[in-house]
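# Commentary on secondary and tertiary structure
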Amino acid sequence: MVEGTVTYDLLPNVELQAYALWAKKATEATLKAPGLIEFRAHRGFMARAQVRTTTVWQSMADWAKFIEGPWQQMEAEMRVYATNLRSELWGPSPLPMFREPLRPGK
């Protein structure tokens with residue numbers, strides 16, 4: 001399993017309605033990507049213009065196909081609305097006790 005995180009800041013005076021339409025279109029395309037397990041989106045509490053999306057993929061190959069394909073156009077379109085784009089890719093912990101989420105009382 002591979003987890004990709006993208007963070008960015010919305011540009012000052014961004015047209016929110018246009019951004020929302022782009023975000024909907026980009027999310028719909030992402031949800032159709034082979035190997036996608038989960039998509040999450042968050043806004044920063046401290047700075048309303050901060051955005052973080054997280055995608056979880058079955059394999060590195062699935063993620064790579066997405067990044068080399070649909071993501072290219074999405075990223076180019078995103079730059080109309082966003083700045084400070086940062087991407088990170090994460091894999092599971094090598095320690096067996098941390099491979100699944102830990103929750104209190106379980």
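First, a word on what this report is: a plain description of the structure on this page. (Residues numbered from 1 in each chain as written. Predicted model: local features only at pLDDT ≥ 70, side-chain atom pairs only at ≥ 80, totals over all residues. Heavy atoms only, no water.)

With that settled, consider the overall build of the chain. When its secondary structure is counted, the chain shows three helices and four strands. Written out in order from the N terminus, the α and β elements of the chain read β-α-β-β-α-α-β. The dimensions of the chain, computed from C-alpha atoms along their principal axes, are 45 × 35 × 20 Å. Here the chain holds 106 residues, and 26% of them are scored as buried. In the chain, the proportion of contacts linking residues at least 24 apart, taken out of those at least 6 apart, comes to 67%. (Helix = DSSP H or I, 4+ residues; strand = E, 2+ residues; numbered from the N terminus. Buried < 20%, exposed > 50% of the residue type's maximum accessible area, 1.4 Å probe, protein only. Contact = heavy atoms within 4.5 Å.)

Glancing now at the environment of Thr-5. Along the chain, the position of Thr-5 falls in strand 1 (residues 2–10). Separated by 17 residues in sequence, Thr-5 and Trp-22 have C-alpha atoms that sit 18 Å apart. Leave out the neighbours within four places in its chain, and Thr-5 touches Arg-52, Thr-53, Thr-54, Arg-86, Ser-87, Glu-88 and Trp-90.

Turning our eyes to something else, we now look at the packing of helix 1 (residues 16–31) against helix 3 (residues 70–78). In contact at an axis separation of 11 Å, helix 1 and helix 3 are set at 165° when each is read in the N-to-C sense. It follows from the interaxial angle that helix 1 and helix 3 lie roughly antiparallel. For the pair helix 1 and helix 3, the crossing hand works out as left-handed. Mapping the contact onto sequence places Trp-22, Lys-25, Ala-26, Ala-29 and Thr-30 in helix 1 and Gln-73, Met-74, Glu-77 and Met-78 in helix 3. Of the residues that constitute the contact of helix 1 with helix 3, the class distribution is five nonpolar, two polar and two charged. (Axes fitted to C-alpha atoms, helices over the stretch in contact; angles between N-to-C directions. Parallel < 35°, antiparallel > 145°, perpendicular 65-115°, else oblique. Left-handed = near helix turned anticlockwise from the far one by under 90°. Nonpolar A, V, L, I, M, F, W, Y, C, P; charged D, E, K, R; others polar.)

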